Amino acid sequence: MATDGYLAPKAMDGWPAPLSAKVDPETTAASEQVWRAALHEDYLRDAGDARWWSDSMIWYGPGGVGTAHSSLEYSTHWLRPLHAAFSNVTMAIDIVVCEGSYCGAHFYLYGIHTGTWLGEEATGKRVSIRCGAHARIEMGKIQEGWMIVDFPLAFHTMGVDLFGRARELALAVS
């Protein structure tokens, strides 16, 4: 997928973030319920349908993955390849924080690398994927999402020195 970079929320409803004094606690609770369900279904259940995402959603994926402009693109270019590459996936959530329509999470995915992922053939190793994700949720659906993934850590646990590989490529063209 092409990338749009990481744009600010289209709602532009923060100063620059939600102002705690103006946030409705019921909105926060509803957003957190959607966010936790989406994290569980997208990453652990491998539901594949991204049902918590709006039809007009936009997801700013990590560098090298790109930007999804629909739940189909999100599923096709991020979720399905992830689940095809890893088996026995578990998740360890460090924190989930929500305020109003905005939620964030820091979590690790762990899985056995049994298929090709980001061009790397299966290694059979247990891989750690550290993720930071944020979302804007309205009317029970995720409208926008942002995700950062620690690819160097993931590749390191696959046994790949990503920075060494990049250094070799850079030296080869020098």
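It should be noted that the structure appears before, not after, this text.
## Overview of the sheet that holds strand E6 (residues 141-149)
Strands pair in a sheet through their backbones, by hydrogen bonds, and they do so in one of two ways: parallel or antiparallel.
In step 1: Across the sheet, six strands lie side by side as E2-E1-E6-E5-E4-E3; this open sheet has mixed pairing. The sheet is open, and its two borders are formed by strand E2 (67-68) and strand E3 (86-99), each paired with just one other strand.
In step 2: As judged from the four bridges shared by strand E1 (residues 53-60) and E6, these two strands associate in the parallel manner. For Ile58, the partnering residue across the bridge sits in E6 and is Glu144.
In step 3: Strands E1, E3, strand E4 (102-113), strand E5 (126-138) and E6 of the sheet are contacted by helix H1 (residues 25-45), whose axis makes an angle of about 165° with E3.
In step 4: Packing against the sheet, helix H2 (residues 71-85) makes contact with E1, E2, E3, E4, E5 and E6, and its axis sits at approximately 65° to E1.

## Section: the pattern of salt bridges
In step 1: If you walk through the whole model with that rule in mind, you get seven salt bridges.
In step 2: Arg51 serves as the salt-bridge partner of Glu41, at 2.9 Å between the closest nitrogen and oxygen. Taken as a pair, Glu41 in helix H1 and Arg51 in the loop between H1 and E1 lie far apart in primary sequence, ten residues in all.
In step 3: Judged by its relative accessible area of 8%, Glu41 falls in the buried class.

## Remarks on empty space enclosed by the protein
In step 1: Within the structure shown, the criterion is met by two cavities of 30 Å³ or more.
In step 2: When its volume is computed, the largest cavity comes out at roughly 70 Å³.
In step 3: If you go around the largest cavity, you meet 14 residues; those closest to its centre are Trp35, Tyr43, Trp53, Tyr74 and Ala133.
In step 4: Ranked by residues supplied to the lining of the largest cavity, first place goes to H1 with five residues.
In step 5: In terms of residue class, the lining of the largest cavity is built from eleven nonpolar, two polar and one charged.
In step 6: Approximately 40 Å³ is the volume found for the second largest cavity.
In step 7: Breaking the lining of the second largest cavity down by element, the ones donating at least two residues are H2, E3 and E4.
In step 8: With three residues, the single largest contributor to the lining of the second largest cavity is E4.

Parameters at a glance
Residues numbered from 1 in each chain as written. Predicted model: local features only at pLDDT ≥ 70, side-chain atom pairs only at ≥ 80, totals over all residues. Heavy atoms only, no water. Pairing = 2+ DSSP bridges. Helix = DSSP H or I, 4+ residues; strand = E, 2+ residues; numbered from the N terminus. Contact = heavy atoms within 4.5 Å. Axes fitted to C-alpha atoms, helices over the stretch in contact; angles between N-to-C directions. Salt bridge = Lys/Arg side-chain N within 4 Å of Asp/Glu carboxyl O. Buried < 20%, exposed > 50% of the residue type's maximum accessible area, 1.4 Å probe, protein only. 1 Å grid on protein atoms, 1.4 Å probe; cavity = no way out; pocket = protein on both sides within 12 Å on 5 of 7 lines; lining within 4 Å. Points joined across faces, edges and corners; volume = space filled by probe spheres on them. Nonpolar A, V, L, I, M, F, W, Y, C, P; charged D, E, K, R; others polar.

Spatial relationships are all this shows, so hold off on functional conclusions.
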